[in-house]
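# Notes for the structure review
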Amino acid sequence: RIGENQMIQLTIIKITEYGPWTLTLGSDREHELQMLQAHLYREIQKLFSAKNCLVFSNRFDEFFVITNGLTLADHVEIQKQLQKVSSLKLSMSIGYADNPYDANLKAYEGKKTPVILDKEHSIFGFVNGQTDQKVTIMHFDVENITSQRKVKSPYEISSIIFGIYARMSKFFLSKKSLSFFMGGDNFMVVTSDDAKQNAQEFLEIAKKEFDVTFNCGIGTGNSAREAVKLATKSLDTIREIRDSKKETKPEIYELSCF
């Protein structure tokens, strides 16, 4: 049985029949698709963040949302609102487990089987919907990227960042955690147990393989927004300690609402 305080609920949102639909736009469509995807991400983020969730973009036509505390009715409400602002059809697959990777598998199973929760609004999977759960999120940023900009072009920096992201994704997947690139030199990892130990291990890998130093803020809360707020506050605390020069700067700092 899943421990009451360890559940992570995750919703995967997918644009349905996207490939065939894009062909109806003709060959001169790429600019339209990019604008459409950006608009859709904004709307999805706005609606879910209003319910204390956080959306991560995955391959642009797919979104991962940490939906702790959300019921099926909440998902239906958001789906109805999305239908008003977008002509695209979207499906939602929900899963929950005691770690993010297994929650992702559960959501995938719900769509594949399928386990239909609401046929009219294309919602599949398994809902927990309880609010007394916790989620842990890490917020990483590169400490010394500014010095690299003096000797490397913007695109070379991007190439390094994507190399790090590929390594980070593989490493944390082995820990049943999900990594997302947030833009710039920022990454977030939705994780579960042993967050600090796993972060420390990855920091060593980053130094050894990429000669890059990371700062990592860890936050644990009831909802995704609360966890990210605490993770970012932890990151800000690391910067404050560094700037004060009164004490040795930690690489990892952790805050929890529990």
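Presented here is an overview of the structure given in this document. Values in this document were obtained by computation on a predicted structure and should not be read as measured data. (Residues numbered from 1 in each chain as written. Predicted model: local features only at pLDDT ≥ 70, side-chain atom pairs only at ≥ 80, totals over all residues. Heavy atoms only, no water.)

The full count for this structure, using the stated rule, is 16 aromatic pairs. Between Phe140 and Phe202, the aromatic rings sit 6.0 Å apart at their centres with planes inclined by 75 degrees, giving edge-to-face as the arrangement. Residue Phe140 is located in strand S7 (residues 135-142), and its partner Phe202 is located in helix H7 (residues 195-210); the two are separated by 62 residues in the primary sequence. Overall, Phe140 belongs to the buried group, its relative accessible area being 0%. Residue classification places Phe202 among the buried positions, given a relative accessible area of 0%. (Phe/Tyr/Trp six-rings, centres within 6.5 Å; stacked < 30°, edge-to-face > 60°. Helix = DSSP H or I, 4+ residues; strand = E, 2+ residues; numbered from the N terminus. Buried < 20%, exposed > 50% of the residue type's maximum accessible area, 1.4 Å probe, protein only.)

So, about the state of the cysteines. Following the criterion strictly, the structure yields 0 disulfides and no others. Note on Cys53: no disulfide assigned, nearest cysteine sulfur contributed by Cys257 at a separation of 15 Å. (Disulfide = S-S within 2.5 Å.)

Here the largest pocket defines a volume of roughly 250 Å³. Elements supplying a minimum of two residues to the lining of the largest pocket: helix H2 (30-49) and helix H6 (154-173). Per-element accounting of the lining of the largest pocket gives the leading share, 4 residues, to H2. Here the lining of the largest pocket is composed, by residue class, of 7 nonpolar, 3 polar and 1 charged. Lining the second largest pocket, in full, are Asn58, Phe64, Asn104, Tyr165, Ser169, Leu173, Ser177, Leu178, Ser179 and Phe180. Contributions of two or more residues to the lining of the second largest pocket are made by H6 and strand S8 (178-183). (1 Å grid on protein atoms, 1.4 Å probe; cavity = no way out; pocket = protein on both sides within 12 Å on 5 of 7 lines; lining within 4 Å. Points joined across faces, edges and corners; volume = space filled by probe spheres on them. Nonpolar A, V, L, I, M, F, W, Y, C, P; charged D, E, K, R; others polar.)

Residue placement: Asp193 occurs in the loop between strand S9 (186-191) and H7. Sequence separation between Asp193 and Asp98 is 95 residues; the distance between their C-alpha atoms is 9.1 Å.

Next up on the list: the pattern of salt bridges. Within this structure, the stated rule accounts for 15 salt bridges. Glu62 is the partner of Arg59 in a salt bridge, and the nearest nitrogen-oxygen pair spans 3.7 Å. A residue is classified by how much of its surface remains accessible, and Arg59, at 57% relative accessible area, is exposed. The shortest N-O distance in the salt bridge between Glu251 and Lys207 comes to 2.8 Å. Of the two residues, Glu251 sits in the loop between helix H8 (224-244) and strand S11 (252-256) while Lys207 sits in helix H7, which places them 44 residues apart along the sequence. Linked through salt bridges whose partners overlap, the residues forming this network are Lys14, Arg59, Asp61 and Glu62. (Salt bridge = Lys/Arg side-chain N within 4 Å of Asp/Glu carboxyl O.)

What holds strands together in a sheet is hydrogen bonding between their backbones, with the strands either parallel or antiparallel. Pairing is mixed across the open sheet formed by 5 strands, whose spatial order is S8-S9-S7-S10-S11. The open sheet has two free edges, formed respectively by S8 and S11, since each of these has just one partner strand. Averaged over all pairs of adjacent strands, the angle between strand axes in this sheet comes to 20 degrees, irrespective of strand direction. Pairing of S7 with S9, which is carried by 6 bridges, proceeds in the antiparallel orientation. Within S9, the residue paired with Met138 across the bridge is Val189. Relative to strand S10 (residues 214-221), H8 is tilted by about 145 degrees, and along the sheet it contacts S7, S9, S10 and S11. (Pairing = 2+ DSSP bridges. Axes fitted to C-alpha atoms, helices over the stretch in contact; angles between N-to-C directions. Contact = heavy atoms within 4.5 Å.)

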